[in-house]
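Residue-level structural notes
What follows is each chain in one-letter form.
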Amino acid sequence: TEVHKIPATVLSRCQRHEFRRIPVQLIVSYLDKMASGEGMTAQPEALTLIARQSTGCMRDAISLLDQLASTGEGITLEKAQQVLGTATSQIVVELTQAIIDREAGHGLDCIHRALDGGADPRQFARQAVDYLRGLMHVQLGNVEQLDVTSETKAQMTAQARAFQRTYLLETLRLFNQAASEVRTGWQPGLLLELAVAEAVNLTAPQPVETVHAPQPVYVQSTPAAQTPVAQAVPSST
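Residues numbered from 1 in each chain as written. Predicted model: local features only at pLDDT ≥ 70, side-chain atom pairs only at ≥ 80, totals over all residues. Heavy atoms only, no water.

Some details on the pattern of salt bridges
Put simply, the rule reads: What makes a salt bridge here is a side-chain nitrogen of Lys or Arg within 4 Å of a carboxyl oxygen of Asp or Glu, nothing more. Helix numbering and strand numbering both begin at the N terminus, where a helix is a DSSP run of H or I of at least 4 residues and a strand a DSSP run of E of at least 2. Burial classes follow relative accessibility: with a 1.4 Å probe on protein chains only, a residue under 20% of its type's maximum area counts as buried, one over 50% as exposed, and anything between as partly exposed.
Enumeration over the complete set of coordinates arrives at 3 salt bridges. In this structure, the salt-bridge partner of D109 is R113, at a minimum N-O distance of 3.0 Å. Of the two residues, D109 and R113 are both situated in helix 7 (residues 104-116); the distance of 4 residues between them amounts to about one turn of the helix. For D109, a relative accessible area of 35% corresponds to the partly exposed category. A residue is classified by how much of its surface remains accessible, and R113, at 35% relative accessible area, is partly exposed. In this structure, R173 and E170 form a salt bridge, with 2.9 Å as the shortest nitrogen-oxygen distance. Of the two residues, R173 and E170 both sit in helix 10 (residues 165-181), 3 residues apart, roughly one turn of that helix. Judged by its relative accessible area of 33%, E170 is partly exposed.

Here it is, written out as structure tokens:
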């Protein structure tokens, strides 16, 4: 799958096909048709959640839909969150606000409530990274690319304004690192706690003092005093 490692003599004899992730809206549209064809009722929010969890893979999205439809009941957002272990979106928002307010205790409480409620640590870390990444896009003026509801977009805009940009980028790096290492950690919750503690303790950048250049002093020059010019007087002989 790594094209740059294939020798040119082999690559020239092969057909090359580039596979890309399927957009969320296209997956949602296909899942909605499937659910209607099977006589199932599915909330649009639940289908959107399934599409996001599939990360652009239609096969995974269909598999998740079958899993949720196995109970024979309607597919709601709450049910999808419970089955997929993602019923923590609001806790992620609270966690972000706790980091903005530099309240480490509240941030740790958000993590404990999420994990005690059955959330997967790795999935929770991914949600935090995805949300912080969304705030970064808001700060960079790319809010149109966010695939969220208008209410969530307004909430993200408010938190993005409260985040100093450098502080947001460092916090995003901390949680991205935690999401990468949480699988191998012997206590996954600890990595999330460390990310919160380090994020809260990040030193806020000091404002740069503006150094004003000294104003030039203009000295008005006075005309030089006129000195009398001696006149030559012819001498008498």
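Concerning helix 11 (residues 188-200)
Heads up, the condition is: What a helix should span is 1.5 Å times the count of its residues minus one. As used here, the arc is the angular range of directions from the helix axis to the C-beta atoms. By definition in these notes, contact holds between two residues if any of their heavy atoms fall within 4.5 Å.
The terminal C-alpha atoms of helix 11 lie 19 Å apart, and with 13 residues this matches the ideal 18 Å at 1.5 Å per residue to within 8%. Every buried residue of helix 11 is listed here: G189, L191, L192, A195, V196, A199 and V200. Down the axis, helix 11 shows its buried residues gathered within 165 degrees of arc, on one side only. In this structure, the buried side of helix 11 is in contact with helix 6 (89-100), helix 7, helix 8 (121-139) and helix 10.

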